[in-house]
There are 2 protein chains.
Amino acid sequence: MNTENKNANIVLKKFENFIRKKKLRNTNERNIILKEIYKNEGHFNPDDLYIRLKLAGYNISRATVYNTLQLLEEANLIIKHYFKENSAIYEKVNFSSPHYHLICIKCGKVTEFEEKEIKQLVKRIVGKYGHKHLNHSMYIYGLCKLCNSF
Amino acid sequence: MNTENKNANIVLKKFENFIRKKKLRNTNERNIILKEIYKNEGHFNPDDLYIRLKLAGYNISRATVYNTLQLLEEANLIIKHYFKENSAIYEKVNFSSPHYHLICIKCGKVTEFEEKEIKQLVKRIVGKYGHKHLNHSMYIYGLCKLCNSF
DNA sequence: CTATTTGCAAACTATTTGCAGACCT
DNA sequence: AGGTCTGCAAATAGTTTGCAAATAG
């Protein structure tokens, strides 16, 4: 079995547990949406996903897409970002290598980077405040090389 | 002169420089908005600000408020956050102590924290990617003490 | 069975835009 | 004087909601 399928199976399992624990219902729509997300790479917004499902032949409403994305976020299977207003951007949780974002406030370009140190730092902070840690994001705002030279 | 006024003067000066450098115009509205922001503490959204200006007797349109907030962000005098969708949240740049945010994905509570290490880390990363650094944010998502116990 | 979930369309809300007039430089 | 900036109202875009029908448990 390839890595992609393995990951997809892990998240389906996790989602099933989450659903059971919360006494929610295991619907086709929810599973289809989760699979569609894990079939693809990179960032996506709710409408991207809605269109992709449409093209794949599924008749799943926007309401259900939004609804399910919220559930998946609570289940810690996707992360929600807000690079700019009026559009939430999601990405799959990457179990092996969390990464962070450099954002150009001029052109909106998003550059990803990794940084092992951050994980330790976050662990310490969360402990201090008694939170249950689900996820974390780091956004560095500035001007990218190109925008900075004009 | 108290600290508040001193800070307000520094930012007015900085904004003036920014305006000049960009060959923009030094309008009353822009200065009124900037002063109003620095008169207050904590987070605010564009509409909060609009209402506050209204109540203070200024007839400044939403369009101008949005417009100016964008300028102030570019001038690095305010930071924009997206704690949840459909509403940008701003705060003044705090020249002495940058701080970061723990966000509860259940109840939306935002807890601020400081962490000196982060600044160094960010400096290193930005250098690596050739960005011009303006600001950075760290968001840690999870469940706050209260939400985690239910 | 029955309470949750769904699809649909309409509603809502934050932000942006177009335009005519006002105002910096 | 000339182009930028403003206020206003209408337009836009993302998300949520209300309701009737479908469906999981």
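This text follows the structure it describes.
Thresholds, definitions, all that
- Residues numbered from 1 in each chain as written.
- Chains lettered and ligands numbered in written order.
- Predicted model: local features only at pLDDT ≥ 70, side-chain atom pairs only at ≥ 80, totals over all residues.
- Heavy atoms only, no water.
- Near = heavy atom within 4 Å.
- Polar contact = N/O pair within 3.5 Å; in protein donor to acceptor, adjacent residues only side chain to side chain.
- Helix = DSSP H or I, 4+ residues; strand = E, 2+ residues; numbered from the N terminus.
- Nonpolar A, V, L, I, M, F, W, Y, C, P; charged D, E, K, R; others polar.

S.K.: Hey, could you run me through the protein's contact with DNA strand D in this one?
M.R.: The full set close to DNA strand D counts 20 residues, and Tyr 66 and Asn 86 of chain A together with Arg 25, Asn 59 and Thr 64 of chain B are the nearest of them. For DNA strand D, the backbone portion of the atoms within 4 Å of the protein, that is sugar and phosphate, comes to 76%. Contact between DNA strand D and Asn 59 of chain B: a phosphate oxygen at 2.6 Å from a main-chain N or O atom of the residue. In the model, a phosphate oxygen of DNA strand D is placed 2.9 Å from a nitrogen or oxygen of the Ser 61 of chain B main chain. Mapped onto the surface near DNA strand D, the elements with two or more residues apiece are helix H4 (62–74) and strand E2 (87–92) of chain A together with helix H2 (28–39) and helix H4 (62–74) of chain B. Class assignment of the residues belonging to the surface near DNA strand D gives a composition of seven nonpolar, eight polar and five charged.

S.K.: Is there a simple way to think about the protein's contact with DNA strand C in this case?
M.R.: In the vicinity of DNA strand C, 21 residues are found, and the nearest of them are Thr 27, Asn 59 and Thr 64 of chain A together with Tyr 66 and Asn 86 of chain B. Considering DNA strand C, the proportion of its atoms within 4 Å of the protein that are sugar or phosphate atoms stands at 79%. Take Arg 25 of chain A: an N or O atom from its main chain is 3.2 Å from a phosphate oxygen of DNA strand C. The backbone of Ala 88 of chain B places a nitrogen or oxygen atom 3.0 Å from a phosphate oxygen of DNA strand C. Elements with a contribution of two residues or more to the surface near DNA strand C: helix H2 (28–39) and H4 of chain A together with H4 and strand E2 (87–92) of chain B. Tallied by class, the residues present in the surface near DNA strand C amount to seven nonpolar, nine polar and five charged.

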